[in-house]
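Topology and contacts: notes
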Amino acid sequence: MKISIRNGHIIDPANDLDQVADLFIEDDKIVSIGTQPDGFSDDETIDASGHWILPGLVDLGARLREPGQEHKGSIASESRAAAASGITHIACLPDTDPVIDSPAEVDFVLQQAEEAGYCQISIIGALTLELEGRTLSEMAALRQAGCIGVGQFNIPCDYSVLRHSMEYAASQGLTVYLQPQDNSLLSNGCAHEGAIATRLGLPPIPEAAETASIGALLALIEQTGARSHLCRLSTARGVNMVRQARAEGLPVTADLSAHQAFLTEMDISDFNSLCHVLPPLRTERDRDGLRQGLFDGTLQVLCSDHQPHELDAKLAPFPSTEPGISGLETLLPLALRLSEEGVLSRSQAIARVTSGPAEVLGIDAGNLTIGTSADLCIFDPGHSWEFDTEAMLSAGTNSPFGGWSFNGQVLRTLLAGDTVYDIKL
Amino acid sequence: MTEQHLQAGPLPSGMQLHDDGRLRHLLTIEGLPRELLVEIMDTAESFVSVQAKTVKKVPLLRGKTIVNLFFEPSTRTRTTFELAAKRLSADVLNINIATSATTKGESLLDTLRNIEAMFCDMFIVRHADSGAAHFIARHVAPHVSVLNAGDGSHAHPTQAMLDMFTIRRHKGDFTRLKVAIVGDVLHSRVARSQIHALNILNTAEVRVIAPRTLLPADVEKLGVHVFNDMDEGLHDVDVVIMLRLQKERMQSALLPSAHEYFQLYGLTNERLKAAREDAIVMHPGPANRGVEIASDVADGSRSVILEQVSNGIAIRMAIMSMVTGAAQ
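Remember, it's a predicted structure, so these values are computed and weren't measured experimentally. (Residues numbered from 1 in each chain as written. Chains lettered and ligands numbered in written order. Predicted model: local features only at pLDDT ≥ 70, side-chain atom pairs only at ≥ 80, totals over all residues. Heavy atoms only, no water.)

Along chain A, the regular secondary structure elements total 12 helices and 18 strands. For the C-alpha atoms alone, the extent of chain A along its principal axes is close to 65 × 45 × 45 Å. Of all 425 residues assigned to chain A, the portion counted as buried reaches 63%. Residue pairs in contact within chain A that sit at least 24 positions apart in sequence constitute 74% of those at least 6 positions apart. Taken as a whole, chain A presents about 14,500 Å² of accessible surface, with 45% of it coming from carbon and sulfur. (Helix = DSSP H or I, 4+ residues; strand = E, 2+ residues; numbered from the N terminus. Buried < 20%, exposed > 50% of the residue type's maximum accessible area, 1.4 Å probe, protein only. Contact = heavy atoms within 4.5 Å. Areas by Shrake-Rupley, 256 points an atom, 1.4 Å probe, with all protein chains shown as cover.)

Moving on, we come to the domain arrangement of chain A. Often the size quoted for an interface is simply the accessible area lost on bringing the parts together. Residue and element names in this part refer to chain A. Domain boundaries in chain A define domain 1 (2-52 + 373-422) and domain 2 (56-361). Between domain 1 and domain 2, the residue contacts involve 32 residues of the former and 44 residues of the latter. Of all residues in domain 1, Leu393, Asn398 and Phe401 give up the largest surface area on contact with domain 2, accounting jointly for 21% of the area buried on that side. Linking domain 1 to domain 2 there are 1 salt bridge. Among the salt bridges present, the one from Arg346 reaches Asp18, with a minimum N-O distance of 3.4 Å. Summed over the shared surface of domain 1 and domain 2, the result is 15 residue pairs in polar contact (both at pLDDT 80 or more). (Domains from an automatic or database assignment. Buried area = accessible area lost by both parts, 1.4 Å probe. Salt bridge = Lys/Arg side-chain N within 4 Å of Asp/Glu carboxyl O. Polar contact = N/O pair within 3.5 Å; in protein donor to acceptor, adjacent residues only side chain to side chain.)

Residue and element names in this part refer to chain B. Domain boundaries in chain B define domain 1 (3-155 + 310-323) and domain 2 (158-309). If you average the C-alpha positions of domain 1 and of domain 2, the two centres end up 25 Å apart. Between domain 1 and domain 2, the contact holds 36 residues from the first and 29 residues from the second. Taken together, the two surfaces of domain 1 and domain 2 that pack against each other cover about 2,500 Å², and 57% of this comes from carbon and sulfur. Across the contact surface, domain 1 and domain 2 share 4 salt bridges. A salt bridge links Asp42 to Arg168; the nearest nitrogen and oxygen atoms lie 2.9 Å apart. At the junction of domain 1 and domain 2, the tally comes to 19 residue pairs in polar contact (both at pLDDT 80 or more). Elements with a contribution of two residues or more to the side of domain 1 that touches domain 2: helix 1 (34-52), helix 2 (76-87), strand 3 (122-127), strand 4 (145-151) and helix 11 (305-323). Ranked by the residues each element gives to the side of domain 1 that touches domain 2, the list is headed by helix 1, at 9 residues. Each residue belonging to the side of domain 1 that touches domain 2 can be placed in one class, and the counts come to 16 nonpolar, 11 polar and 9 charged. (Nonpolar A, V, L, I, M, F, W, Y, C, P; charged D, E, K, R; others polar.)

Take the pairing of strand 3 (residues 29-33) of chain A next. Residues and elements named next belong to chain A. With 4 bridges joining them, strand 2 (residues 17-26) and strand 3 adopt antiparallel strand pairing. For Ile25, the partnering residue across the bridge sits in strand 3 and is Ile30. What sits between strand 2 and strand 3 in their antiparallel hairpin is a turn of 2 residues, with Asp27 showing a positive phi close to 55 degrees. (Pairing = 2+ DSSP bridges.)

All names here are of chain A. Burial along strand 10 (residues 175-178) is two-sided: the face carrying Thr175 and Tyr177 and the face carrying Val176 and Leu178 are both buried. In terms of strand pairing, strand 9 (residues 147-153) meets strand 10 through 4 bridges, oriented parallel. Residue Gly151 lies in a different strand from strand 10, and its bridge partner there is Tyr177. Handedness of the strand 9-helix 4 (residues 159-171)-strand 10 crossover: right-handed. One ladder, built from 3 bridges, connects strand 10 with strand 13 (residues 228-230); its direction is parallel. Bridge pairing in strand 13 links Val176 to Ser228. (Right-handed = clockwise from strand over helix to strand, strands pointing away.)

Residue and element names in this part refer to chain B. Interaxial distance between helix 1 and helix 11 falls to 7 Å at its minimum, and their mutual angle equals 120 degrees. Where helix 1 crosses over helix 11, the handedness of that crossing is right-handed. Only Ser310, Ile313, Ala314, Ile315, Met317, Ala318, Ile319, Ser321 and Met322 of helix 11 make contact with helix 1, whose side of the interface consists of Leu36, Glu39, Ile40, Thr43, Ala44, Phe47, Val48, Val50 and Gln51. Here the contact of helix 1 with helix 11 is built from residues that sort into 13 nonpolar, 4 polar and 1 charged. (Axes fitted to C-alpha atoms, helices over the stretch in contact; angles between N-to-C directions. Left-handed = near helix turned anticlockwise from the far one by under 90°.)

Moving on: the nonpolar core. Residues and elements named next belong to chain B. Core analysis: the largest hydrophobic core is formed by 90 residues, its most contacted members being Leu267 and Met320. When residues of this core are sorted by domain, at least three fall in each of domain 1 (3-155 + 310-323) and domain 2 (158-309). Those residues in contact with Met320, other than ones at most four positions away along the chain, are Leu61, Ile66, Phe81, Ala84, Ala85, Leu88, Met122, Ile124 and Leu147. (Core = buried A, V, L, I, M, F, W, Y, C linked by side-chain atoms within 4.5 Å.)

A separate point is the sheet that holds strand 9 of chain A. All names here are of chain A. Spatial strand order, 6-7-8-9-10-13-14-15: 8 strands in an open sheet with parallel pairing. Of all the strands in the sheet, the pair left with one neighbour each is strand 6 (57-62) and strand 15 (301-303). Strand after strand, the sheet turns through a mean of 30 degrees between neighbouring axes, direction not considered. Packing against the sheet, helix 4 makes contact with strand 9, strand 10 and strand 13, and its axis sits at approximately 145 degrees to strand 10.

All right, on to the packing of aromatic side chains then. If you walk through the whole model with that rule in mind, you get 10 aromatic pairs over all chains. On the numbers, 6.3 Å between centres and 80 degrees between planes, the contact of Phe387 of chain A with Phe406 of chain A is edge-to-face. Taken together, the residues Phe387 of chain A in the loop between strand 16 (376-386) and strand 17 (405-415) and Phe406 of chain A in strand 17 connect sequence positions 19 residues apart. Assessed through its relative accessible area of 5%, Phe387 of chain A is described here as buried. According to the relative accessible area criterion, Phe406 of chain A is buried, its value standing at 2%. An aromatic cluster is defined as three or more aromatic residues linked by ring pairs; in this entry it consists of Phe262, Trp385, Phe387, Phe401, Trp404 and Phe406 of chain A. Arg291 of chain A extends its terminal NZ or CZ atom over the ring of Phe262 of chain A, reaching a point 5.1 Å from the ring centre. Its guanidinium or amino end placed over the ring of Phe81 of chain B, Arg316 of chain B lies 4.8 Å from that ring's centre, counting from NZ or CZ. (Phe/Tyr/Trp six-rings, centres within 6.5 Å; stacked < 30°, edge-to-face > 60°. Lys NZ or Arg CZ within 6 Å of the ring centre and 35° of its normal.)

Let us look at the confidence of the model for chain B. All names here are of chain B. Here chain B averages 90 in pLDDT, and 93% of its residues register 70 or above. In the predicted structure, residues 1-9 sits below a pLDDT of 50 and forms 24 contacts with residues beyond four places in sequence or in another chain. In the model output, the complex is listed with pTM 0.94 alongside ipTM 0.91. (pLDDT = per-residue confidence, 0-100.)

Residue and element names in this part refer to chain B. Within the secondary structure, Lys171 sits in helix 5 (residues 157-171). Using a relative accessible area of 17% as the deciding quantity, one classes Lys171 as buried. Setting aside residues no more than four positions away along its own chain, Lys171 makes contact with Leu177, Asp238, Val239, Asp278, Ala279 and Ile280.

Here's what the structure looks like:
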C-alpha cells in the first residue's frame, strides 16, 4: 500500500520541520518528505491542503482500565478514543487488577492492544510485586516481555525498598516512573490546602505532600543514579526543585497532566466532582509555575493522565467521588491551546505531546523521520468546535472541559500506514 | 442517570434562592443577603411565643412530609428539627443511616430517589462529606427543599442562625459587636457558618482563637482576625463562642493533651474577665466540661447555652416555614 499526502503543512519538532510539503508512505513506513521517490505510484492520494500533518501523539500516562476495571473502560474503547484524538502511542500504567507485574499481564495487554489495533501500546510495569512496595518485581522478565519502564507511581513504598528497586531497575536499563506524593501528608485530603478548601470545608492536601516527596525522590535519584521520571507535578515549587536538579545533572525528567495547565482550585468552588483530581488542582501561582516549566522544558511532557470513570464514580458528594479526568480526547486541544494563549510556541506545544514523551519512554515514535513507522495525524486547524462530553468516545465521559471551545480537529489518524481513524467514516 | 448531572452547577449559595429571592434550600450561609438572615430571625421571633403556649402547635405545615435524613449520628440537632416540624404540624420521618466514609454516591442517590418516591416535601440532611447537602439539592425533584443539618466541615447554617438569633436577642445591633470564636475551627462546620453569618450581619469584628493546628489554611480570608493567645483574643469582646473539641483530637498530632488545651484555651471565669463585663458565653453543645469550658462558666450567669437550644427550635420552625412558602 502506497499513500501520498499532498500539500500538507508538516510540523515535526523532532526534525525541525515546519513547512508545506508532500509526504510519502510505503507499507508501514514514511519513505520520503518533499520529493516523490523514484517509481513511487500511490494507491491513495490524500489532499491535505490547508491541513497540518503531525506526528502521531505519544501519551505518557493513561489508564486503560483493563484488566480488572472494564466497567470504566477497556483497551479497545480507550485506544479507539485515543486514535480519534490523534494519539498513536500510549504508555499505560501497571495499576490494573491484577497488577502488571509479570509477563503474563504484559502479554495480555499487548494482545488486547493488537487485537483492537487502534494504537501502539507501551507498558510501564510494576516496580514492586503487586505494587505493594515490599518485593522487587522480576524486572528483567518484564523488560523481555516488552515493558519499556517500571514504576511505583503514587503507591506507598518505603525509601529502603524504593532505593533498591531503583538500583535494580537501573541495572536492567529501565527508567523508573514515580509520582511524588507523601501519603502521610496527603492523609484523606481531596483538595489543595488553601482558601478554597477552607471555605468548602474539604479535607486539605498541603503543597508539602508533593514537595516533601520530590525532595526525597531527588535524593534517591542522586544516590542511585537511576534514570527516573517524575509524574504529574502540581506545584510551582516542585517544578523549581526539578529544574534545579536537572541543572545539577540528575537523570530526571518530569511531566504535567494537561488539565493542570488550565484548571485551578477555583474550579472546585461549586463542589464540581469532575475537577476532583489527584494531585489536586492548586493555585493560579502554581498553574503559572507549571506553565513556565513546560516552556523551559523542565516539564518535557504534557500527558492526558487519562482516568475514565463510570458515571456513578462522580455522582456523590465531592470527597466521596473518585479522582481523575477522562483526558485522552482533550490532550491535543489543550496542548494547542497553550500555544494559542502564548505559553508555548506551536512547535513546543506539539513537541510536549510527541517527541518529548517519546524521548522519556525511549521509543522511536512521535516524529516523522524518514524510515520510521508511518504514525501521524492529519489535522484541520481551521475548524472551531465546542467540546461535548456526550460525544466522547472514551467509556468515561468524566471531563470538566464540556462546553470549552477549541480550534482544530483531527481528520484522520494513521498507525503504521493504516488508517485507524477517519472523521468521515 | 443523565449527563447533565455531571455538569458543573451553580454555586451552592446561588442555588438556594428562588428567582424572586425567596429561600428554596438552606445549604450554606455564604452568599445569602443580609435581609434574608434578618427575615429568618424576625420569623423565628414570631415562633418564640408559640413555644410558651400550652398547645405548642401551629398548622402552617399541615399535610407536608419532612424527612430527617441523617447519615451521621446526632441527637440534639435531629430532635430540634423534629420538634420544629411537629410544632408546625408536619409529618416527620426519621431515617438514620449509619455509614462509613467509603459510602458510595450511588447508595446516597438511590436512598434519595426511594424516599423522594414517597412524596416528601423537605429533606433535612446531615452527612460526613462536605458538599453532601449541595449534592442532594442538585438532584432532588423541583418541589423538594433541602435543609443542611451539617455537612462535613463545610456548613451548619441552622446552627449559625440560631446563634445569631441568640446574639441578637441579647445584644441587638451586630455592627457594634466583637465576637470571638474559640477552638477547633479547622474541623468546625459551625464556625464556618457562624463566620459567614456574622460578616453578612456586619459584625464589627469577628475573631478566631486557637492554636495553629486547629485553624484551617488562609482562615483570615473568611473575614476573621486570628489570635493564638486566648487572653489577647478575648480582650473586650461582647460574645464568646466556644467550639466543641472532639475527643479523638485531644491527644493527637494536633494537640498534646486535653490538659494543656484547657490550660491554654479553656474558658474559665478568670479568663472571661478579659471580655466585656456583659459578655455572653455560647456553645453549640454538647460541651466538654473541663476541656474547652469550665463547668462554672457553662452553668454561670453569662452562659446562654440552654437558650441556644430552645432558640434552635424557633429558628428551624422559621426556616421550614419560609422554604415551604408558609411563612407570610
